[in-house]
Structure formats: structure tokens, C-alpha cells
Amino acid sequence: MEYDPTKRIRALGDYGSSVEVDSTVPARRYLRSGQEMMRMADVYYEEHNWQHAFVLYTKFITIFVEKLPKHPDYQNVKSSKSVEIKKNMKMIKLAFPRAEETKKKLREIFQKEYEIYLRQKQQEEEEEAKREEEHRRKLEEEKRIREEEQAALEQERRRIEEEKAKQITEEQHRLLEDQKLALKKAEEEQKILQQQREAKIEQERLAEREKRRPPVIIPVIPPGAPSGMTSPQPGEGTMNFNSAGGVPSPMPGAIPIPGMVPQPTAPPMPDDNISAAPKVDRSKKVDRSSKPSHLMQDPPASAPINHFGLRSVFVPLDAVPKFLALAKYNTSKNLETCGILAGKLARNSFSITHIVVPKQTSTSDSCTALNEEDIFDCMDNNDLITLGWIHTHPTQTAFMSSIDLHTHCPYQIMLPEAIAIVCAPAHNQTGVFSLTPDYGLNYISSCKQTGFHPHPKHPPLYDELNHVKMKGDLTTIIKDLR
């Protein structure tokens, strides 16, 4: 949006000046419409709606000072020195100072809005810079935290690797010691077995030698026995060596022979099982939880009033029933009836308050108003604005014929919100139509054909636009001029 005051005023002036005069529309009709245009501009002026007032004053000056004098029929109307010409000249003299005054008001308002805009923009830039700085600091903080986490992870990884290497080294040393101990034990066991084999061999050798030697009987003399005591009998108090050369068994009362001691048994084999290496504790973890992200939400954009930005037109609920009652006689004779929709402008919306029914000629598919001077006088006397027209289709459906489209075009050129109400009592239909502002209006204003003739259907030339609202608290006044 442009906030520069000069550019905004220039844009409004360009918008007001972008109006064309159709040479097929009578110059007198433009003169009468100019009075309504000034009437609407004055309403906006009184309501301090300076933008709309400035646009209408600019449009009025453009039409009646610059473009209408080029109309083919303008010189004839001007030479007649009619009442319309006199009123038009008077309104032109009023329009210029009003346009300058509204421009001055707009410049003051736009200047204040521009200053507010600059302050807001500066504040927004400062806030944006602050947000960017906070964002930069946040990114740096997040980067620092990530680096610390990565450093901690790297440190933990190195610690685990060092601990694992240490455990492997200790395990290798332990295995080596176990191997040395096992080897030493094996050597001791081998030595003991060798000693046992040598002892067994020695025993066998002694036993063989004792076999070859006769038994020796050693007398046993009890202490205190007389010296002349007789020798003991065999088997009493002696050691008997068996003939098998085995280990001697003591006889009752025998004396043990020196050197004959039992051999010790071999000690038990050591346990060769090796204790398992201790497991590394990998349960320790570094907290890697991320920081919450901030979400920015743009406020929703406000919706337009309607698709084409048109001001609202309020239609009384009793308008169509009253008009159909008035047209009942013509309808019964298969004749069309037409009327002018008129009303007021207040708070930037239009309200239909009157239907002016002029003198007219009718057929089954056409209707032509007569004595336009009577219509204009009625409008002026009641301070009304032309908001469109209404007519019946006695036997056909509710639609806009090619003649209807050309009839309606001047209404909508002078007032973009102008509507056409088509009543089809035989089919119980009512349509409220407008030329489509983005296509139909330009197409029909450029079409130079007359009478009934074909028009393209796509894109649509007319439609039921959503700026029209039915209202129950309004009452329609019928002005029948026939």
C-alpha cells in the first residue's frame, strides 16, 4: 500500500478521471446524471467521507469540463440554453472549490497517516532488528550448545575407548599371568609325577632285592627281661615280608623297619578356568535434547466487502410485490412495464426508497420511457438518486435480453452499483442483475449493434452480484407518472 500523501491523492484523481463518455447515450441524459453525481458527492462531503467526495467531484469535472463537450449532441443541447445547461454550469463552478477543499482535507489526513506509518515502520524495523539480533544470539547459543554436546560426546567416546583399551591390556596381562601360572603348575605336577614314578621304581627294586634275601628274625626283648631269656617263636614280635615282594605288613608286636614310609598322593590338579573379562559400562549418555523453536504467525487478512468492492444496495422486500401489483393490468395484456429505481445515499451505502413509473410505450418484449423531463423533475423534487431500473417479462423467464443489457449499461456507467430487477410473474421468478464489472460492462459499452442481437455467453456478461441486500424494514414509495 502506498502511504505517500501526494501519490495517494494523485491515484484518487486518476481513478476519478478514468471515465469515458458514450456517444450513443444522449448528452441530455449525462447532464441529468451529473446532477445526481453532484448530489452524491455532496452527501459524502457532509458525511466527511473525503475520499469518495473527491473522486466524485473529480469525475464530475472530467465528464462535464473535458469529455462531454466533445459529444456529438452537446452543442445542440448547449445552444438551446436549457435548464440542464444552466444547472450544469452552476454545479461546475461549485465542483472546483469543493474538489480543492476535499483535496486539502485529504492531504492533511494522508499526511497524519503517513507520519503514523513512518513511526510504525521505524518501530517495526527496530523490532525486526531486535528479532534478528535475538535470532542471531539464539543461533549462536544453539551452536555453542551443539559444540559443547559434540565436545562432551567426543570426550565420552575417548574415555570409553581409553577404558576399553585399558581393559584389553589388563585382560592380556591377566591371560599372560594365568598362562604362566598354569605352566608353572603343570611343571610342578610333572615333577611330582616323576618323583612318584621314581619312588615306585625304587620300591619295586627294593622289593625284588628283599625277595632274594631270607627273612630276618629280630628278637624282641622286653625291657627288664633277664638276659638268659629264650628267643621268641616265629610269628611273635617280628615283621613278615610277603613273598610277593610287596609292602611289608606289620606283624603283631613287630617293630617298624626304618625307611619304609607311605608315599604321599599327588595333589589335585589346579582349575584351568579363566575368569571372564569385566563388561564395559556403556549406560552413560549425553543429554542431546533440542531447544524449542519459536513459531511466528501472521494475523489473518480482513475480507473485502464483496467481490468487486461495490457499495451495498438495500432493496425493500415490498418493492417487487408493489411493482407487480401496479403492472398487473399490462401483464394481463402481455405488455411489459418499466420503472426507475431511486433512493438515498447514507453511510456509504444506497437504499431504494422510490419506484418512479414514467409514461411509456410497451410491447410483449420491450418498454420505452417517455417524457424524461417528468422523471428528472420527480427525482430533483424528492432529492433522489437513480439506482437502476425495474421491468417485467409477462410471459418469459427472468433474464437480461440484449436490449435490456444495452438499456442498463448507461445506468451502471454512471453508477457502478446500479441494478436491473427483472420480474417474471408467469414463472414466479425475480432476478436482480448487474453487468459484470470485469467484463460485461466494457463489452456492452463497446458493442454498437442495436435491436435484438446475439452476445457471447462465456464469460458471462451479467450476473446476480452480492452487493444487493433485501431489507424488511424499508418501505417502497410508488411514484406513478403515467
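Just above, that's the structure.
Everything numeric here is computed off the predicted structure, so don't read it as measured data.

So, the overall build of the chain
A count of helical and extended segments in the chain gives 10 helices and 11 strands. In the chain, once contacts between residues fewer than 6 apart in sequence are set aside, the share between residues at least 24 apart is 75%. Accessible surface computed for the chain: about 31,300 Å², of which carbon and sulfur atoms make up 54%.

Thoughts on helix H3 (residues 50–67)
Residues that lie three or four places apart on an α-helix share one face, since the helix turns once every 3.6 residues. Between its first and last C-alpha atoms H3 spans 24 Å; for 18 residues at 1.5 Å apiece the expected length is 26 Å, and the two agree. Most of H3 sits out of view: 14 of its 18 residues are buried.

Digging into helix H9 (residues 402–414)
The sharpest bend along H9 reaches about 30° and sits at His408, with the proline Pro410 one to four residues further on. Buried within H9 are the following residues: Ser402, Asp404, Leu405, His408, Cys409, Pro410, Gln412, Ile413 and Met414.

Things to note about the nonpolar core
One finds Ile419 and Ile421 to be the most contacted residues of the largest nonpolar core, which totals 55 residues. With 10 residues, the single largest contributor to this core is H3. Membership of the second largest hydrophobic core comes to 14 residues, among which are Leu405, Cys409, Val422 and Phe433.

Some words on the packing of aromatic side chains
The geometry of an aromatic ring pair is captured by two quantities: the separation of the ring centres and the angle between the planes. If you walk through the whole model with that rule in mind, you get 6 aromatic pairs. Aromatic side chains Tyr114 and Tyr117 sit 6.1 Å apart centroid to centroid with 25° between the ring planes, which places their arrangement in the stacked category. With Tyr114 and Tyr117 both in helix H5 (residues 83–212) and 3 residues apart, the pair spans about one turn of that helix. Residue Tyr117 is classed as partly exposed on the basis of its relative accessible area of 23%. Lying across the ring of Tyr45, Arg98 places its NZ or CZ 4.0 Å from the centre.

Topic: the side chain of Gln35
Among the secondary structure elements, Gln35 is positioned in helix H2 (residues 27–46). Take Gln35: its relative accessible area is 6%, and that puts it in the buried class. With residues near it in sequence (within four places) discarded, Gln35 still touches Glu84, Lys87, Met91 and Asp380.

Things to note about the side chain of His408
Take His408: it is sitting in helix H9. We classify His408 as buried; its relative accessible area is 0%. Reaching out from His408, the side chain makes a polar contact with the backbone oxygen of Ala418 at a distance of 3.5 Å. In contact with His408, not counting residues within four places along its chain, are Trp389, Met400, Ala418, Ile419, Ala420, Phe433, Ser434 and Leu435.

Observations regarding the pairing of strand S7 (residues 419–424)
Among the 6 residues of S7, 6 are classified as buried, and the element is accordingly described as predominantly covered. Side chains Ile419, Ile421 and Cys423 of S7 all project onto a buried face; the interleaved residues Ala420, Val422 and Ala424 project onto the opposite face, where all are buried too. A crossover links strand S6 (residues 385–392) with its parallel partner S7, the connecting element being H9, and its sense is right-handed. Where S7 and strand S8 (residues 429–435) come together, 5 bridges link them in antiparallel fashion. Each residue of the ladder has a partner; that of Ala420, found in S8, is Phe433. What sits between the antiparallel neighbours S7 and S8 is a turn of 4 residues, in which Asn428 has the positive phi angle 55°.

About the thresholds
Residues numbered from 1 in each chain as written. Predicted model: local features only at pLDDT ≥ 70, side-chain atom pairs only at ≥ 80, totals over all residues. Heavy atoms only, no water. Helix = DSSP H or I, 4+ residues; strand = E, 2+ residues; numbered from the N terminus. Contact = heavy atoms within 4.5 Å. Areas by Shrake-Rupley, 256 points an atom, 1.4 Å probe, with all protein chains shown as cover. Expected span 1.5 Å × (residues − 1). Buried < 20%, exposed > 50% of the residue type's maximum accessible area, 1.4 Å probe, protein only. Bend = angle between axes of the 7 residues up to and from the residue. Core = buried A, V, L, I, M, F, W, Y, C linked by side-chain atoms within 4.5 Å. Phe/Tyr/Trp six-rings, centres within 6.5 Å; stacked < 30°, edge-to-face > 60°. Lys NZ or Arg CZ within 6 Å of the ring centre and 35° of its normal. Polar contact = N/O pair within 3.5 Å; in protein donor to acceptor, adjacent residues only side chain to side chain. Right-handed = clockwise from strand over helix to strand, strands pointing away. Pairing = 2+ DSSP bridges.

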